[in-house]
Each structure stands twice: as structure tokens, then as C-alpha cells.
Amino acid sequence: MTGTHNAAAHRLLPQRGRPWGSEPALTVAYAQVKKAAALANADTCVLSAELAAAITTAADEVIAGRHTSLLTADLLTGGGGIGLNMELNELLARRAAELLGRPVHPLDDVNACQSTNDTLPTALNLALHTELTAAAQAVDTLAESLHSWAAAHGGMVRTARTCLRDALPVTFGQTFRGYAHTVTRFGSDLHASAAECLSIPLGATAVGTGVGAAPGFNEAVHRHLGEVTGLPVRAPSAPLAQLQHGDHLSVAATIRNAAVQLAKIAQDFRLLASGPRGGFGELVLPALQAGSSIMPGKVNPVVPETVIQIGFQVRGNDQAVTAAMAAADPDLNVWETVIAANLLDSCGLLTAAARLLTDRCVHGMRPDHPMEPERSLGLSAIVAAFYGHEAGARVAHLAAATGRTIEEAAVELNIADQATAHILFDPALLTSPVPDRTLLDRALDQLTERIRQHAQGAEQEIAAMLHDTPADGTAFALLHDLFGAAPGPRRTALAHACVVWAHSFEGMSPPTPNGRREETGLDILAEVARVRIRPHWIKDRYPTLLAAQELAALLANCDRSVWGGSDTRMT
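Since the structure is predicted, the reported quantities are computational estimates derived from the model, not experimental observations.

The next subject is the overall build of the protein. Along the backbone of the protein there are 24 helices and 4 strands. Long-range contacts, defined here as pairs at least 24 residues apart, represent 74% of the contacts in the protein between residues at least 6 apart. For the protein, the accessible surface area stands at approximately 25500 Å², while carbon and sulfur atoms represent 55% of it.

Looking at the element boundaries, Ala 160 is found in strand S1 (residues 157-162). Residues in contact with Ala 160, not counting those within four places in the same chain, are Arg 165, Asp 166, Ala 167, Leu 168, Pro 169 and Val 170.

The pairing of S1 with strand S2 (residues 165-171) spans 5 bridges and is antiparallel. Considered in S2, the bridge of Arg 161 is made with Asp 166. Here S1 folds back onto S2, and the loop between the two strands holds 2 residues, one of which, Cys 163, carries a positive phi near 55°.

Here Glu 87 is to be found in helix H4 (residues 82-100). A polar contact is formed between the side chain of Glu 87 and the backbone nitrogen of Ala 73, at a distance of 3.1 Å.

Within the largest apolar cluster, 100 residues are counted, with the highest numbers of intra-cluster contacts made by Phe 176 and Phe 269. With 16 residues, the top contributor of residues to this core is helix H6 (residues 116-153). With residues near it in sequence (within four places) discarded, Phe 269 still touches Leu 146, Phe 176, Tyr 179, Leu 283, Leu 285, Pro 304, Leu 357, Cys 361, Val 362 and Met 365. Ranked by size, the runner-up nonpolar core spans 18 residues in total, among them Ile 382, Ala 399, Ile 415 and Phe 425.

What follows covers the state of the cysteines. Summed over all chains, the structure comprises 0 disulfides. Of all cysteine sulfurs, the one in Cys 347 lies closest to Cys 197, which takes part in no disulfide; the gap is 8.0 Å.

Between its first and last C-alpha, helix H3 (residues 49-63) extends 20 Å over 15 residues, near the 21 Å set by a 1.5 Å rise per residue. When we look at burial in H3, the residues that qualify are Leu 51, Ala 52, Ala 54, Ile 55, Thr 56, Ala 58, Ala 59, Glu 61 and Val 62. Buried residues in H3 make contact with helix H2 (24-43), H4 and helix H5 (106-110).

According to the stated counting rule, one finds 7 aromatic pairs in the structure shown. On the numbers, 4.0 Å between centres and 25° between planes, the contact of Trp 149 with Phe 176 is stacked. With Trp 149 in helix H6 and Phe 176 in helix H7 (residues 172-196), this residue pair connects regions lying 27 residues apart in the sequence. Comparing Trp 149 with Phe 176, the two get one shared label, buried. Relative to Phe 176, the ring of Phe 172 lies with its centre 6.4 Å away and its plane at 50°, an arrangement referred to as tilted. Of this pair, Phe 172 and Phe 176 both sit in helix H7, 4 residues apart, which is roughly one turn of that helix. Taken as a pair, Phe 172 and Phe 176 share a single burial class, namely buried. Taken together, Trp 149, Phe 172, Phe 176, Tyr 179 and Phe 269 form an aromatic cluster joined through their ring pairs. One Lys or Arg, Arg 161, reaches over the ring of Phe 280 and ends 4.1 Å from the middle of that ring. The ring of Phe 186 has Arg 185 lying over it, and the distance from NZ or CZ to the ring centre is 5.1 Å.

Let us now look at the packing of H6 against helix H12 (residues 336-360). At their nearest, the axes of H6 and H12 sit 8 Å apart, and the two run at 15° to each other. On the basis of the axis angle, H6 is roughly parallel to H12. Seen from above, H6 lies across H12 with left-handed handedness. Looking at the contact of H6 with H12, its residues break down into 18 nonpolar, 6 polar and 3 charged.

Taken as a whole and assessed by the stated rule, the structure comprises 13 salt bridges. Taking the shortest distance from any N to any O, the salt bridge between Glu 61 and Arg 95 comes out at 2.8 Å. Of the two residues, Glu 61 is situated in helix H3 and Arg 95 in helix H4; the sequence distance between them amounts to 34 residues. Here the salt bridges do not stand alone but share partners, grouping Glu 61, Arg 66, Arg 95 and Glu 98 into one network.

Attention now moves to the packing of H7 against helix H10 (residues 247-272). Their axes nearest at 9 Å, the elements H7 and H10 cross at an angle of 160°. With respect to H10, the element H7 is oriented roughly antiparallel. Where H7 crosses over H10, the handedness of that crossing is left-handed. Contacts between H7 and H10 involve Phe 176, Tyr 179, Thr 182, Val 183, Phe 186, Asp 189, Leu 190 and Ser 193 on the former and, on the latter, Val 251, Thr 254, Ile 255, Asn 257, Ala 258, Gln 261, Leu 262, Lys 264, Ile 265, Asp 268 and Phe 269.

Assignment of secondary structure puts Ser 199 in the loop between H7 and helix H8 (217-229). Sequence separation between Ser 199 and Arg 234 is 35 residues; the distance between their C-alpha atoms is 4.9 Å.

Look at H8: 18 Å from first C-alpha to last across 13 residues, which is about the 18 Å you get at 1.5 Å a residue. Looking at H8, one finds that the buried residues are Phe 217, Ala 220, Val 221, His 222, His 224, Leu 225, Gly 226 and Thr 229. On its buried side, H8 packs onto H2 and H6. Looking one or two residues past H8, Gly 230 carries a phi angle of roughly 75°, positive in sign.

Once that is clear, we can look at unusual backbone geometry. Between Gly 275 and Pro 276 the backbone carries a cis peptide bond, its omega angle lying at 10°. One non-glycine residue, His 67, lies in positive phi territory at about 70°. Within the secondary structure, His 67 is located in the loop between H3 and H4. Of the residues examined, His 67 reaches a relative accessible area of 17% and is grouped as buried. Notably, Cys 163 is not glycine yet its phi reads approximately 55°, a positive angle. Mapped onto the fold, Cys 163 is located in the loop between S1 and S2.

Here Gly 21 is to be found in the loop between helix H1 (4-12) and H2. Apart from residues no more than four positions distant in its own chain, Gly 21 is found in contact with Thr 27, Thr 68 and Leu 71.

Moving on, we get to the confidence of the model for the protein. For the protein, per-residue confidence averages 82 on the pLDDT scale, and 72% of positions sit at 70 or higher. Every residue in residues 503-517 scores below 50 in pLDDT, and together they form 21 contacts with partners more than four places removed in sequence or on other chains. Confidence over residues 558-571 falls short of pLDDT 50; this stretch has 29 contacts with residues more than four positions distant or in other chains.

Cut-offs and rules
Residues numbered from 1 in each chain as written. Predicted model: local features only at pLDDT ≥ 70, side-chain atom pairs only at ≥ 80, totals over all residues. Heavy atoms only, no water. Helix = DSSP H or I, 4+ residues; strand = E, 2+ residues; numbered from the N terminus. Contact = heavy atoms within 4.5 Å. Areas by Shrake-Rupley, 256 points an atom, 1.4 Å probe, with all protein chains shown as cover. Pairing = 2+ DSSP bridges. Polar contact = N/O pair within 3.5 Å; in protein donor to acceptor, adjacent residues only side chain to side chain. Core = buried A, V, L, I, M, F, W, Y, C linked by side-chain atoms within 4.5 Å. Buried < 20%, exposed > 50% of the residue type's maximum accessible area, 1.4 Å probe, protein only. Disulfide = S-S within 2.5 Å. Expected span 1.5 Å × (residues − 1). Phe/Tyr/Trp six-rings, centres within 6.5 Å; stacked < 30°, edge-to-face > 60°. Lys NZ or Arg CZ within 6 Å of the ring centre and 35° of its normal. Axes fitted to C-alpha atoms, helices over the stretch in contact; angles between N-to-C directions. Parallel < 35°, antiparallel > 145°, perpendicular 65-115°, else oblique. Left-handed = near helix turned anticlockwise from the far one by under 90°. Nonpolar A, V, L, I, M, F, W, Y, C, P; charged D, E, K, R; others polar. Salt bridge = Lys/Arg side-chain N within 4 Å of Asp/Glu carboxyl O. pLDDT = per-residue confidence, 0-100.

Now the structure itself:
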């Protein structure tokens, strides 16, 4: 059932072994276009009902997968894809002739009211809708599997890395929910691109004007194509734009973006599963095949590496589409077959990549035993947030040099006491969406409680102390002014802080039998002075602590000999 145009295509054009009949989405879509055109031509009396029925029957057979082995023209062909259209016209004409028992003309009958320039872009759009929908569904399934994995293993803490260096703790749940969110977004983009492909230029004929089509054909063919495909196809507002394939540039970008994201996730899996003894060792991937011909027992991350290479190929396909778009003629893009070949290839590759990651990677993947998050030097960020950057740097350097944890180094350098450090470096709290607020609140609660324990009966005691002290320009005068001018709640907060300071006059307490001395008010103020808290944050939640910080700053700036103190722990 082949004809002269088929023979010419084989004789004149090289074959790569990729006949367009091997692209089921495209052959089905093109046959649907021919069926809808035959029905529309019957409606407009261009074809007899009998002839149109024979052509539609032949088209139905191609839609069902028959005769596609006869569509042997290479998908990459010159002439704006005319070889594909002519080959299908000849196939349908010969098959319709067999059914009718008389000749059917491939151009006058099968191709009536049509041009390659409008039928091929229409068929390509329908094929892309099918392939993009399949890719979007595969990507959606991957997103669901990532969400499920996050739910199953979400509580396990791992060390995040920035620039491949230790950073702060995160949970596997946070990591994989991030993957799932991104994949879901790209799935939505693919669905949107598929919907855009339902805008088709059928009826535009050669240059978008519809010349050569019978009156009423345009409306009829769109109606019939919607019925044949079951899709809400629509006519574009500017048919010429679709003859130039401008919309396909954004389709290529959408596919590329999704493929790049999948490749990025695959690269993360590959890196986190590296080892098992010399790498990160945070994930265990399914063992699918032997990884070496010389090293028994070695297992390679074959699925992630396949997906990464698919990403490379899709990016190359996108470059080919971009080049074809840039080289388009003013009124027609004659490079549409290379656009079609690369877009369809990318769709299939993306679908395969998403299914591979879902079925042969995520479903069988499990967490391994990541580095203890409390050993990360990145925890110095918590020290910096609470005690200042310089303190964080000192702690980080000591921990790196000695192998200590950040918590141990902070305690050793007397930057934080053991109780506060234990709160600050709780790995579970550090993975909170607002870890600094949670940790600081707990630590500040503890500091505030320690101040209050030192300040029982505070307001009366400090009032009496300041009443009996002359305002002679010393620090006592400053305290007198600070306390006396304060309104009710702030007066109480200042009283708490001042009594802590007043208690420190009693001097450092003698050591206890175990060699440790009890905490004095000055110890508390020394720690309060080291904490770097923005006043606008804590003024309503921690008025006592804010007052203690102000007092600590006041003491640090006054001559300590005024009140006989010589301890320099606050400096």
C-alpha cells in the first residue's frame, strides 16, 4: 500500500533506522486528523459519504495499530515534513481503494482541504498531548512515592551539607518533602503544557489563511476531531504562530526543566548512597545488578545514573528544538520534523525516568546510618545566633582542632553552661521550621527562671537599697534613675535584674566539697551579657531578661571599683 512519494523518500533521503511509523503517538494522531478531515469533507460535500467512510475505516485501522510498518519514511526529513503526510495519504488511499474496489486519490481525496503545514503541527500537538500527559502522570506518581517515603522515614535526622561541608541538621522527611514538592510543581507544569497542545491549527492550510479549504470545513473538522479524539481541541487565535511552532519552545523547556530536576534528585540519591564505607552512606539503594566485572560484591547506583544521563539527553534535545526555532522562516518553520523527533523523544525519556525512579529506586530505598548530627561543625551557627559570631568561630575552631562536638567546645570555653548547651544543641529541635526561636525560647526561659530565683522579694529589696544609697554620680545613681523612672511591669523586671547584681556584691561563694562553687548573681549576669538577643524580639516575652541585659551592659561600662567589685567575668 505504498506509493511514489514513499519510494521517493526512501530513494532520496537517508535512513537512520527510526521510521515515523515507530512513533505510535504521532501515527495515531495523524490518522485521527485524516479521519476528522474525511468526516468534515463529507459534511461539506467535498467527498461522498461512501468515499469518506472508506477513508475513515482505513484511518481507524491505522489508529488501531495496523499498517504502521508501512510508514517507513524517516522522522527526520526535509521539505517541512511533507514526506510523512504524503506517505500516510498514499497508505490510506490504497486501503480505501481496496475497500471500495475503485481508485482513491491520495491528494484529491485523502488530503482534500488540507496541507502538510497544518496537518503535521496538528498531529504533533495531539501526540504531544498524549505523551505529556503520560509524563505528567509518571511524575505525579513519583511525587506521591517521595511523599510516602518522607512519611515512613521522616523522623530520622541527618546532617545537611552546604558546599559539601557539614551544615545544620535536617530530617529525611524535610529533605524528601522538598523533593516531592518540587516534583509536584513540575508535574503541574507538564499537565499545563499538555492542555496547551490542544490548540491546533487544522484548517489553516498552507500559510494560516485557510485558502484551499471548503467553506465550513474549519468548523466541521474541529468538531469531528474533538469527537474522534475525545479531547477539547480548539482553534488558535493566530494560526500562523502555530505553523511557526513557537509554542513548542515552551513545551521543550517544560520537559527539560522536569528532566533536569529528576536528574538532580537522582544525583542526590547517588551521592547520599555513596560508599558503603568510603562515602556518605546515608541511603541504601536497591541492588539491581553487579557493579563490577573485577570487584565482586560492588553494587552501582544504576537507576540514578540512568536518570542523570536521560537528563543530559533531554537537555541536548532541547538545544536542537531551540536551534530549529531560531532558524524558522518568516511564515513557516520547515524544521518541524526535527522539532517533532526531539520533543517526542524527550517526552518518552522523561516518562521512563520518572517510572524508573519510582519503581526501581524510591520504592526499594531505605535510610542507612548517617553521621551523628551532633558532630556537625555547622552547629556553630547556633552559637553565633545565641552568643555572637566571634564566639561561634572560637567554638568551631576548637571543635575542629580537637574532635570535640560543638556542644562540648562551647562548655569548655565557658561560653555556655552545660544545661544551656544541652538545650541549644538538641538535634530534634534544630530541625524545627523555626529552630532558633524554639531553642532560644527554651534557653531564655531557663535564664529568666534563674534570675527570678535570685530575686525573691526583689522590688522591695532594691527599693530599700537604692533609697539608702546617695545619688552621687556613681553607678548607683544610674541604677536609681533607671529603677525610679520605670513603670509597673518594667520596674519589677528591673528589680529582678538589679537584685541579681546586688547579690553579686557578696563575692564569689566558696567552693563546695566537690570543688565547684555555687552560682552567684554575677555568674548569671555574665551569661546574660554574652547572649546576643535583639531587644525588639524579647521585650514583651522576656522583660526581666532584657532588663538584665541592660544592667549587664551598664556594669560593663562603669568603673567596677565604685562598688568594690573586681570580677571580670562579664567582660
